[in-house]
Amino acid sequence: MPSPIRYEPGFEHPEEGEEDTKTELVEAMRDIVETTYKDYGYPVRAVHAKSHGLLRGELRVYGDTAPAYRQGLFGKPGTYPVVLRFSTNPGDLLDDSISVPRGLAMKVVGVEGDRLPGSDGQSTQDFVMVNAPVFAAPSAKKFLGNVKLLAKTTDIPQGFKKAVSAVLRGTETVIEAVGGESATIKQLGGHPNTHILGETFYSATPFLFGPYMAKFSVAPLSPALKALTNRKVDVSGRPEALREEVLAFFAEHDAEWELRAQLCTDVESMPIEDPSVPWPEKESPYVTVARLKVGRQPSWDEERSRAVDLGMSFSPWHGLAAHRPLGSVNRARKPAYEMSSGFRAGHSGCPMVEPRSAEEVPI
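Values in this document were obtained by computation on a predicted structure and should not be read as measured data.

S.K.: Looking at this structure, how should I read the overall build of the chain?
M.R.: When helices and strands are tallied, the chain shows eight helices and nine strands. Here the chain holds 363 residues, and 54% of them are scored as buried. If you take every contact in the chain between residues at least 6 apart in sequence, the share linking residues at least 24 apart comes to 78%. Only carbon and sulfur atoms are counted for the fraction: they give 53% of the accessible area of the chain, which is about 15,100 Å².

Pasting the structure below:
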């Protein structure tokens, strides 16, 4: 297998008009949170507003991987408490019959080391993932276009969205039947109605990995989770179907996932500035660097929602300098995430919590 490439500053380059894009992205996301605050009377996230599972677990780093994979958080053996938040991507709280892409945010607690700018004094490492190996936009400017579209559709009646989602699901099924896939159709409501716990989640965007560069993934490991992959969920008359399915699962099962890293071995086939390009796994496979374990527990209730949905912020910029986010999309996301969490803190009366130890984890 080719050796991983060491990071060089020249692999990143500012996008034309990048600072303006950042400003417009913050404004577009502010439009979303202000609209939903007016609708609901309480603040929600600008994206991934609806949670389906709020869980506490532990991450075990075994430290027995090849030397290139022992970097940053994964540099030595250790066990860390984690908080997991399963979600869907719109900024409004939609009926689950409107099927859209899914997300997984994970906060690892008690991580020591040199910090990223803006996370001084913290001891967490956040991972923000989606259930697709690539990002839905090739650049920050294209990402801004997607967010502006979401902002325009935030106040559209749910009945209309349900009808559109049903049509798009049918279209996506036809496309997949002939071996294709459409990220755009899935993004707009054509995602299959499958169990969220059977998904494999990806960082989609690249990060530093010590002196190297990598993407991350979380994949089901325990048999009970693997059995849920591609399993259809009946959402008819069940606006909270995904949340109910997650509750039912963790009432009876423990769960285990692999946290994996894919190292960049060729900056041509594995670009840093275009996260819409898949990194070929034949050139560099995902390698397990840690395992995530979650025991049986109530996966969602109002108290957990207050603690996590209102009181915790997940950002790829909460973490170690050894895992700095790379590329224009990640650079643009930083002020947008800060605006969203600041809006929630200012309108909910709940300060954002960054736990430093297991005792401070709010669930």
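Continuing now.
S.K.: When you look at the environment of Thr-88 in this model, what are you seeing that I'm missing?
M.R.: Mapped onto the secondary structure, Thr-88 falls in strand 2 (residues 78-88). Non-local contacts of Thr-88, meaning those with residues more than four positions away in its chain, are made with His-48, Ala-49, Lys-50, His-52, Val-100, Pro-101, Arg-102 and Leu-242. A polar side-chain atom of Thr-88 sits 2.9 Å from a polar atom in the side chain of His-52.

S.K.: Would you mind going over helix 1 (residues 18-40) with me for this structure?
M.R.: Every α-helix winds through 3.6 residues per turn, so residues three or four apart in the chain are directed the same way. Look at helix 1: 33 Å from first C-alpha to last across 23 residues, which is about the 33 Å you get at 1.5 Å a residue. Where helix 1 is concerned, the buried positions are Glu-18, Thr-21, Lys-22, Leu-25, Val-26, Ala-28, Met-29, Ile-32, Val-33 and Thr-36.

S.K.: Looking at this structure, I do not really get the pattern of salt bridges. What am I missing?
M.R.: Two side chains bearing opposite charge may form a pair once their charged atoms approach each other closely. The full count for this structure, using the stated rule, is 19 salt bridges. One salt bridge in this structure joins Lys-107 and Asp-126, with 2.9 Å as the shortest N-O distance. One end of the pair, Lys-107, is in strand 3 (residues 102-109); the other, Asp-126, is in strand 4 (residues 124-130), and 19 residues separate them in sequence. Each of the salt bridges in this network shares a partner with another, and the network as a whole consists of Glu-12, Glu-18, Glu-273, Arg-324 and Arg-331.

S.K.: Even after reading the chapter, I still don't get helix 6 (residues 241-252), so can you show me in this structure?
M.R.: Compared with an ideal rise of 1.5 Å per residue, which puts twelve residues at 16 Å, helix 6 spans 17 Å between its outermost C-alpha atoms and is within 8% of the ideal. Buried residues of helix 6: Ala-241, Leu-242, Arg-243, Val-246, Phe-249 and Phe-250, and no others. Tucked inside the fold, the buried residues of helix 6 contact strand 1 (50-61), strand 2, strand 3, helix 5 (223-226), strand 8 (255-263) and strand 9 (287-294).

S.K.: What am I meant to see in the nonpolar core here?
M.R.: Where a protein is soluble and globular, its nonpolar side chains tend to be buried together. In terms of nonpolar packing, the biggest core is built from 41 residues, with Phe-74, Leu-84, Leu-197, Phe-209, Trp-257 and Leu-259 touching the most fellow members. The greatest single-element share of this core, amounting to five residues, is contributed by strand 8. Ignoring any residue separated from it by four or fewer positions in sequence, one finds Phe-209 in contact with Ala-68, Tyr-69, Gln-71, Phe-74, Ala-214, Phe-216, Ala-261, Leu-263, Val-289, Ala-322 and His-323. Listed in part, the 19 residues of the second largest apolar core include Phe-143, Leu-144, Val-147 and Met-339.

S.K.: So what exactly am I meant to see when it comes to the side chain of Asn-131 here?
M.R.: Note that Asn-131 resides in the loop between strand 4 and helix 2 (140-153). A polar side-chain atom of Asn-131 sits 3.0 Å from the main-chain amide nitrogen of Arg-102. Within polar-contact distance, the side chain of Asn-131 engages the side chain of Glu-199 at 3.3 Å. Residues in contact with Asn-131, not counting those within four places in the same chain, are Pro-101, Arg-102, His-191, Glu-199, Thr-200, Phe-201 and Tyr-202.

S.K.: Would you mind going over the packing of aromatic side chains with me for this structure?
M.R.: Both the distance between ring centres and the angle between the ring planes are used here to describe each pair of aromatic rings. In this structure the tally under the stated criterion is twelve aromatic pairs. Relative to Phe-201, the ring of Phe-86 lies with its centre 5.8 Å away and its plane at 65°, an arrangement referred to as edge-to-face. Here Phe-86 is found in strand 2, whereas its partner Phe-201 is found in strand 5 (residues 201-202), with 115 residues between them in sequence. For the pair formed by Phe-86 and Phe-201, the shared burial category is buried. Positioned above the aromatic ring of Phe-314, the side-chain terminus of Lys-107 is 5.1 Å from the ring centre.

S.K.: What's the story with the confidence of the model for the chain in this structure? I'm lost.
M.R.: Detail in the predicted coordinates should be disregarded across regions flagged by low pLDDT. Taken as a whole, the chain shows an average pLDDT of 90; of its residues, 90% reach a score of 70 or greater. Here residues 157-182 scores under 50 on pLDDT; set against residues more than four positions off or in separate chains, the count is 42 contacts. Contacts for the low-pLDDT stretch residues 184-189, under 50 throughout, to residues beyond four places or in other chains number 24 contacts.

S.K.: Just checking my understanding: could you explain the side chain of Glu-15 for this structure?
M.R.: By the secondary structure assignment, Glu-15 is in the segment before helix 1. Here the side chain of Glu-15 touches Ala-140 through a polar contact of 3.0 Å, landing on its backbone nitrogen. Only 3.0 Å separates the side chain of Glu-15 from the backbone nitrogen of Lys-141, close enough to count as a polar contact. With residues near it in sequence (within four places) discarded, Glu-15 still touches Thr-21, Ser-139, Ala-140, Lys-141, Ser-328 and Arg-331.

S.K.: Looking at this model, I keep getting lost on the packing of helix 1 against helix 8 (residues 328-348). Mind explaining?
M.R.: A pair of packed helices can be characterised by two numbers: the angle between their axes and the separation between those axes. Packing of helix 1 against helix 8 brings their axes to within 9 Å, and their N-to-C directions diverge by 30°. Relative to helix 8, the element helix 1 is oriented roughly parallel. The handedness of the crossing between helix 1 and helix 8 is right-handed. Across from Glu-18, Lys-22, Leu-25, Val-26, Met-29, Arg-30, Val-33, Glu-34 and Tyr-37 in helix 1, the residues of helix 8 making contact are Ser-328, Arg-331, Ala-332, Arg-333, Pro-335, Ala-336, Met-339, Ser-340, Phe-343 and His-347. A per-class count over the contact of helix 1 with helix 8 returns ten nonpolar, three polar and six charged.

S.K.: Looking at this structure, I do not really get the pairing of strand 2. What am I missing?
M.R.: Looking down a regular strand, the side chains alternate between one sheet face and the other. Of all eleven residues making up strand 2, ten are buried, and the element is well covered by its neighbours. Where strand 1 and strand 2 come together, eleven bridges link them in antiparallel fashion. Looking across to strand 2, one finds that Lys-50 is bridged to Thr-88. Taken together, the seven bridges between strand 2 and strand 3 define a ladder with antiparallel strand orientation. What sits directly across from Val-82, in strand 3, is Val-108.

The rules behind these values
- Once a new chain begins, its residue numbering starts again from 1 and follows that chain's sequence as written.
- Predicted model: local features are reported for residues with pLDDT of at least 70 only, side-chain atom pairs are reported and counted for 80 or more only, and whole-chain, interface and lining totals are derived from all residues.
- Neither water nor hydrogens contribute to the side-chain values; these are computed over all heavy atoms in the structure.
- Each helix is a run of H or I in the DSSP string that is no shorter than four residues. Each strand is a run of E no shorter than two, and both are numbered from the N terminus.
- Exposure classes here rest on a 1.4 Å probe applied to the protein chains alone. A residue is buried below 20% of its type maximum, exposed above 50%, and partly exposed in between.
- We call two residues in contact when some of their heavy atoms are within 4.5 Å.
- Surface accessibility in these figures is a Shrake-Rupley result with a 1.4 Å probe; residues are shielded only by whichever protein chains are displayed.
- We define a polar contact as two N or O atoms separated by no more than 3.5 Å, with the added condition that, inside protein, one atom must be a possible hydrogen donor and the other a possible acceptor, whereas residues neighbouring each other in sequence contribute only through side-chain atom pairs.
- Working rule for helices: expected span equals 1.5 Å times residues minus one.
- One side-chain nitrogen of Lys or Arg within 4 Å of one carboxyl oxygen of Asp or Glu is enough to make a salt bridge.
- By nonpolar core we mean a set of buried residues, namely Ala, Val, Leu, Ile, Met, Phe, Trp, Tyr and Cys, connected to one another through side-chain atoms within 4.5 Å.
- Any Phe, Tyr or Trp ring, taking Trp's six-membered ring, that has another such ring centre within 6.5 Å forms a pair; planes under 30 degrees apart are called stacked, those over 60 apart edge-to-face, and the others tilted.
- We call a charge positioned over a ring when the NZ of a Lys or the CZ of an Arg lies within 6 Å of the ring centre and within 35 degrees of the ring normal.
- Confidence scores here are pLDDT values: one per residue, from the predictor, ranging 0 to 100.
- Between the N-to-C directions of two axes lies an angle of 0 to 180 degrees, each axis being a line fitted to C-alpha atoms and, for a helix, fitted only over the stretch in contact.
- An angle counts as roughly parallel when it lies under 35 degrees, as roughly antiparallel when it exceeds 145, as roughly perpendicular when it falls between 65 and 115, and as oblique in every other case.
- What makes a crossing left-handed is the near helix being turned counterclockwise from the far one by less than a right angle; a clockwise turn instead makes it right-handed.
- Polar here means any residue other than Ala, Val, Leu, Ile, Met, Phe, Trp, Tyr, Cys and Pro, which are nonpolar, and Asp, Glu, Lys and Arg, which are charged; Gly is therefore polar.
- Strands are labelled as partners when DSSP assigns at least two bridges between them.

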